[in-house]
Amino acid sequence: MRKNIVAGNWKMNKTLTEGVELAKKLTTILTENKPNCDVVIGTPYIHLSEVAKTVDTSVIGVSAQNCADKVSGAYTGEISAAMVKSTGANYVILGHSERRAYYGETDAILKEKVNLALNNDLTPIFCIGEVLEEREAGKHFEVVTTQITDGLFHLSAEEFSKVVLAYEPVWAIGTGKTASPEQAQEIHAYIRKTVNDKYGSEVADNTSILYGGSCKPSNAKELFSNPDVDGGLIGGAALKSEDFHGIITAF
Ligand code: 13P
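All values derive from a computational prediction rather than experimental measurement.

Undergrad: I'd like a description of the overall build of the protein chain, backed by residues and values.
TA: Within the protein chain, the secondary structure is distributed over twelve helices and eight strands. In terms of overall size, the protein chain behaves like a compact globule, its C-alpha atoms giving a radius of gyration of 17 Å where 251 residues would be expected to give roughly 18 Å. Principal-axis analysis of the C-alpha atoms places the extent of the protein chain at approximately 45 × 45 × 35 Å. By residue count, 51% of the 251 residues in the protein chain fall in the buried class. Partitioning the contacts of the protein chain with sequence separation of at least 6, the portion at a separation of at least 24 is 72%. Accessible surface computed for the protein chain: about 11,100 Å², of which carbon and sulfur atoms make up 51%.

Here it is as structure tokens:
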């Protein structure tokens, strides 16, 4: 059966010292209170190696927030999937809406990143989701279909089974405006059906689909209690150990 996962995306927050401190706090909390779901923290690149040494990666998975679309070579400032893997990290967030919007990441680029992540034994947490105008125009189903099709549907069923999906409506990210549990369930069920149509029910039933966008301790339980919502990708509330743990305990 599919896994429930609570993943934190720290985005561009915390110095190395602060990041290691947060990772230590989470380790202490989760050692004392065993979580009923998988827990992942997505740190800035420079934190990965230290954080991976700080946590027990079998209890807290460590994720990068991006990787390059090239294997290696003359790509100044880029970090490859192999480099991410060499830090001890085991996940990589790909296709976050902030990367799509601010750094020009297209589905074609993301396809390369997904391939490289899988080739390097990293679990991609692949983000999809519509902007407000698309939701208001009733185009959200179409938008997520294109993102999944163009970014992921070149994969074999075996490869796709290693991917975690995260539905993050852009209008809910950092806005305090969460999708209602009904809105989340509706589109998560649609996403699962889209996977089912391509790969069949066994793959679809085993795919974890996380919700992201202003998820916090006060709304996590309601969101996660939906049958097709298998956890969350958490931004702001992942920056404080008490808030992040409050979300983890929704399971
Ligand atoms: P917030 O939880 O801050 O809305 O961010 C969600 C997100 O973008 C996680 O990737």
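Undergrad: Which residues make up helix 5 (residues 107-119), and what values go with them?
TA: Counted at 1.5 Å a residue, the expected span for helix 5 with its 13 residues is 18 Å, and the 18 Å between its end C-alpha atoms agrees. Taken together, the buried positions of helix 5 are Asp107, Leu110, Lys113, Val114, Leu116, Ala117 and Leu118. Packing partners of the buried residues in helix 5 comprise helix 3 (81-86), strand 4 (91-94), helix 4 (97-102), strand 5 (123-128), helix 7 (140-152) and helix 8 (157-160). Just beyond helix 5, the residue with positive phi is Asp121, at close to 60°.

Undergrad: How would you explain the packing of aromatic side chains if you had to name every residue and give the values?
TA: Within the structure shown, the criterion is met by five aromatic pairs. Aromatic side chains Phe153 and Tyr199 sit 5.4 Å apart centroid to centroid with 85° between the ring planes, which places their arrangement in the edge-to-face category. With a gap of 46 residues between them, Phe153 in the loop between helix 7 and helix 8 and Tyr199 in helix 9 (residues 181-199) connect regions that are remote in the sequence. Assessed through its relative accessible area of 14%, Tyr199 is described here as buried. Aromatic side chains Phe224 and Phe251 sit 4.9 Å apart centroid to centroid with 10° between the ring planes, which places their arrangement in the stacked category. One end of the pair, Phe224, is in helix 11 (residues 217-224); the other, Phe251, is in the segment after helix 12 (241-248), with 27 residues separating them in the sequence. Through pairs of rings, three or more aromatic residues link up here, namely Phe153, Phe160 and Tyr199. The ring of Tyr199 has Lys198 sitting right over it, with the charged end atom 5.8 Å from the ring centre.

The rules we used
Residues numbered from 1 in each chain as written. Predicted model: local features only at pLDDT ≥ 70, side-chain atom pairs only at ≥ 80, totals over all residues. Heavy atoms only, no water. Helix = DSSP H or I, 4+ residues; strand = E, 2+ residues; numbered from the N terminus. Rg over C-alpha atoms; globule rule 2.2 N^0.38 Å. Buried < 20%, exposed > 50% of the residue type's maximum accessible area, 1.4 Å probe, protein only. Contact = heavy atoms within 4.5 Å. Areas by Shrake-Rupley, 256 points an atom, 1.4 Å probe, with all protein chains shown as cover. Expected span 1.5 Å × (residues − 1). Phe/Tyr/Trp six-rings, centres within 6.5 Å; stacked < 30°, edge-to-face > 60°. Lys NZ or Arg CZ within 6 Å of the ring centre and 35° of its normal.

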